[in-house]
Amino acid sequence: MTNHELAELLKKVSAAYQILGENRFRIIAYDKAADSIEHLTTDIKDYWIAGTLGEIEGVGKTIAEHIDEILKTGKNRHWESVFAKVPEAVFPLLFVPGIGPKKAYALVTILRLENEKSAVTDLEKAAKAGKIEPLDGFGKRSQDVILEAISAFKKGQIKENRMPLPYADVVAIEVMEYVAKAGGCEKIDVLGSLRRKVATIGDIDIAVATNDPDKIIERFISFPHQKIIEKGPSGATLLLANGKQVDMRVQTPKAYGAMLQYFTGSKQHNIALREYALTKGLSLSEHGIKDLKTGKVRVFATEEQFYHHLGLDYVVPELREGRDEITMAKKHSLPTLIEKGQILGDLHIHSSYDLHSSHDVGVSSVKEILETADILGYEYVGFSDHNPSVSNLSSSVITQIMKKRKKYYEQQYYSYTTGVRKGKKATSLFVMCEVDIKPDGSLALPEDAFEFVDAVVVSLHSAFTQPRKQVTDRIIKALTSHAKVRIFGHPTGRLLGSREGVDADWKEVFVVAKEKNIALEINSFPERLDLPDGLVAVAKEMGVKFCIDTDAHDKAHMNLMPYGVSVARRGGLSDDDVVNTYPYTKFAQWLYNKK
DNA sequence: GCCGTTTTCGGCCCGACTGTTTTCAGTCG
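Residues numbered from 1 in each chain as written. Chains lettered and ligands numbered in written order. Predicted model: local features only at pLDDT ≥ 70, side-chain atom pairs only at ≥ 80, totals over all residues. Heavy atoms only, no water.

A. Spotlight on the protein's contact with DNA strand B. Lining the immediate surroundings of DNA strand B are 42 residues, of which Gly100, Gly139, Arg141, Tyr262 and Arg274 lie closest. In the interface set of DNA strand B, defined as its atoms within 4 Å of the protein, sugar plus phosphate atoms amount to 77%. Residue Gly58 places a main-chain N or O atom 2.8 Å away from a phosphate oxygen belonging to DNA strand B. Elements with a contribution of two residues or more to the surface near DNA strand B: α2 (24-38), α4 (61-73), α7 (101-110), α9 (140-154), β5 (227-232), α14 (267-279) and β8 (282-285). Counting residues per element, the surface near DNA strand B draws most heavily on α14, at five residues. Grouping the constituent residues of the surface near DNA strand B by class yields 15 nonpolar, 14 polar and 13 charged. (Near = heavy atom within 4 Å. Polar contact = N/O pair within 3.5 Å; in protein donor to acceptor, adjacent residues only side chain to side chain. Helix = DSSP H or I, 4+ residues; strand = E, 2+ residues; numbered from the N terminus. Nonpolar A, V, L, I, M, F, W, Y, C, P; charged D, E, K, R; others polar.)

B. Structural context of the sheet that holds strand β17 (residues 546-549). Strands sit in the order β11-β12-β13-β14-β15-β16-β17 across an open sheet of seven strands; the sheet is parallel. Of all the strands in the sheet, just β11 (345-349) and β17 have a single pairing partner and so form its edges. In this sheet, neighbouring strand axes are inclined to one another by 30° on average, regardless of whether the strands run parallel or antiparallel. Across five bridges, the pairing between strand β13 (residues 428-436) and strand β14 (residues 455-459) is parallel. (Pairing = 2+ DSSP bridges. Axes fitted to C-alpha atoms, helices over the stretch in contact; angles between N-to-C directions.)

C. Inspection of the pattern of salt bridges at higher detail. With the rule as written, the count across this model stands at 28 salt bridges. Between Glu303 and Arg320 there is a salt bridge, with its nearest N and O atoms 2.8 Å apart. A residue pair is termed long-range when its members are at least 10 positions apart, and Glu303 in helix α15 (residues 303-309) and Arg320 in the loop between α15 and α16 (325-330) qualify at 17 residues. For Arg570, the salt bridge identified is with Glu321, shortest N-O distance 2.9 Å. Here Arg570, found in helix α22 (residues 561-570), pairs with Glu321, found in the loop between α15 and α16; they are 249 residues apart in sequence, far enough to count as distant. (Salt bridge = Lys/Arg side-chain N within 4 Å of Asp/Glu carboxyl O.)

D. Region of the structure containing the pairing of β13. Along β13, nine of the nine residues are buried, which leaves the element largely enclosed by surrounding structure. Alternating positions in β13 separate into two faces, Ser428, Phe430, Met432, Glu434 and Asp436 on one and Leu429, Val431, Cys433 and Val435 on the other, with burial throughout. In this structure, strand β12 (residues 380-383) lies alongside β13, joined through four bridges in parallel fashion. Within β13, the position partnered with Val381 by the bridge is Leu429. (Buried < 20%, exposed > 50% of the residue type's maximum accessible area, 1.4 Å probe, protein only.)

E. Seen up close, the packing of aromatic side chains. What the rule picks out here adds up to 21 aromatic pairs. An angle of 80° between the planes, with centres 5.7 Å apart, marks the rings of Phe300 and Phe306 as edge-to-face. Both residues of the pair, Phe300 and Phe306, belong to the buried class. Of the aromatic side chains, those joined through ring pairs into one cluster are Tyr380, Phe430, Tyr584, Phe587, Trp590 and Tyr592. Directly above the aromatic system of Tyr17 lies the positively charged group of Arg26, at a separation of 5.9 Å from the ring centroid. Stacked on the ring of Trp590, the Lys or Arg Arg486 has its end atom at 4.6 Å from the ring centre. (Phe/Tyr/Trp six-rings, centres within 6.5 Å; stacked < 30°, edge-to-face > 60°. Lys NZ or Arg CZ within 6 Å of the ring centre and 35° of its normal.)

F. How the structure looks around the nonpolar core. In terms of nonpolar packing, the biggest core is built from 98 residues, with Phe488 and Phe510 touching the most fellow members. Top element by residues in this core is helix α10 (residues 165-180). It accounts for seven residues. In this structure, Phe488 is in contact with Ile437, Val458, Ile475, Leu479, Trp506, Val509, Ile518, Ala519, Leu520 and Glu521, ignoring residues within four places of it in sequence. Ranked by size, the runner-up nonpolar core spans 49 residues in total, among them Ala16, Tyr17, Phe83 and Ile150. (Core = buried A, V, L, I, M, F, W, Y, C linked by side-chain atoms within 4.5 Å. Contact = heavy atoms within 4.5 Å.)

G. View of the state of the cysteines. Applying the stated rule across the entire model yields zero disulfides. Unpaired in terms of disulfides, Cys547 finds its nearest cysteine sulfur in Cys433, a separation of 15 Å. (Disulfide = S-S within 2.5 Å.)

Shown next as C-alpha cells:
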C-alpha cells in the first residue's frame, strides 16, 4: 500500500464519517492524518517497520493501530464497518469536483444510484434527463455544474494533471506580463506551489497589489481563456485553453503582506502557523493579524513584517511545508539557504563529442559549452558524456575510445584557453563520464578506461522496477566499486509525469554515500528535479554532500541551474552542503577524493 | 481522533464563493 493509497483510504473514512454525522473533530482528525501521510517523503511501510507510525503528525494511538492492522492483514475491520453503513455509490462521486460527501449522499439516495462502478455515468444520465434540477437543495444551475464537472472529470482534467515547475513558470510569466501591462499594478508575484518552487505545479496562482482592483480583475479575465471559473471582488479564476487553471488575487499595497503569506501556503504551513498564532491570542487571515482580545486587525505591507509580528524570523517560501520551520523560526535557527550565485561549476554536461554512446549525445560543442560556462561565471565544468555502448563494443575498444576522447578534450581546452582574454581566468575543465549502473550493479565502463577520466557520475538508466532490496544492493555495489565514482546522478531516476523513481532503501544508500564521500546529484532538468527535495532533507540530516547539475544536452540547458538550486533550498541546503559551491582548488581536492 | 512553551482536558485554521437559501450549508484552497 502506497502513501497515496493510504491517504485516499483515510479520506474515504472521513467522508463516510461526514455522511454519518460523526463528531466533526474526528472527521478533521482523519483529514489531517490523510493530508500528513500524503505529504510524507518516506514510505509509510518504513514507519511501520520502525514502529514509529505515531511520530507522523496527526497520527495518534487509534489511527496508528488501524494502519498497523491494514498493513499487517490488508484489511481494517473498523473502517470496513464504517464503509458498510454508507451506500457504496457515494465514493466514486467524491472524485467529481464540486461534489463532497453531503451532496454525493443526497444524490445517491434520492436518485437511487446503487452501482459503485457506474455511479458517475448514472449521475450523468440523471443530470441529462433533468432529474437533478427539481431535487431539494439543487437547481438548474447545480445540474449544469455537475454535468460540466463530470465531463471535465471524464476528460481527465482533474488535479492529476500537474506540470513540471519550469513549464508553469513560463505560463505564469506570460499572464503576469499581460496583467501588468494594464497599469495600476504596484506589485505582482506568483503564489502557491509555484512560489514555493515545488517540483510539479497544479494551479498557477498570482497576487497583485493594487489600489484599483476592479481594473486589474477585468484585465485579468480578458486574458485568452476557455472559461471563467470564478470571479469576485478579491480575485478571479480562469481555465486556460491548455487546461491549466490560473487564480489571481488582489489586495491593497498596505495589506499585501498578509495576502502573499496566506496564498503562498503551504496549507500545512498555514495551519501550523495559525495554530501557533492562536496560542498568542492572534488570528491570521489573508487580511492581516487579528488580536482576539480587542478584535482589531493589523495589516502588513510585507511578509517580513507579518512573520516578525508573530515573533518569528522570516521563513522563505521554499521552507513553508509544515515540517519544523515554525519551531526553527521561533528559535532563530532557520538555515541560510544556498543561492544560485554561489554555484561555481556544472559537472554533468553532455557535449556533441560522439563516443559511440548508447544514449543521447549533446548538441553543443566543447567550445560553446566552455563559453557558456564563462558567461555564467563558473570556475569549472565537467564533461560527463554517456559511456560508450557496452553491448556493441569490446572493453579494449572502449578503452581506446576513452583515451582518444581525453586527448580531444585536452586539445579543445588548449585552444579555448589561448582564446581567453589576457588577465581573465579561464574556466577549468574536468574530463568525466556518466556511467550506467547495470542491472547487477556493475559499472558500464571497463576498469582500464578509468585511467582516462578525472571522475565519473554513475546513474541508473534501466531496470527501474527492481524490488527494493535488489535495487538498493545494486546502487550500493555501484557506489563502492571504484574510487573515481564521485557523483550519483539523478538518484531516483524518476521522470515527472511519466515514470516513478526506483524504490530503494534511501537511508541505506545515504549511509554509503556519506562514508564514501560521494555527492548525491540534484539534477536540474525539468522532468527530473532529482534527488527530490524530501529526500534531500533526509540526506542532509545524515551529513551527505550534494552536487547540483543541469544534465545539459545543449548549452541552453545550462541555464536550468536555478531549478536545481530551488530543490536544494526546499531541502534546506546551505552552500556548505553543495560541493560545486567550492572554489576550484577545494572542489578539485574533493573530486580527486583526497582527504 | 489528536495534542500540549498556559493544557493529559478541552480545545481543535480561516475565509471566499456558490447556489439556493431569506440566514445557511457545502465545498474549496
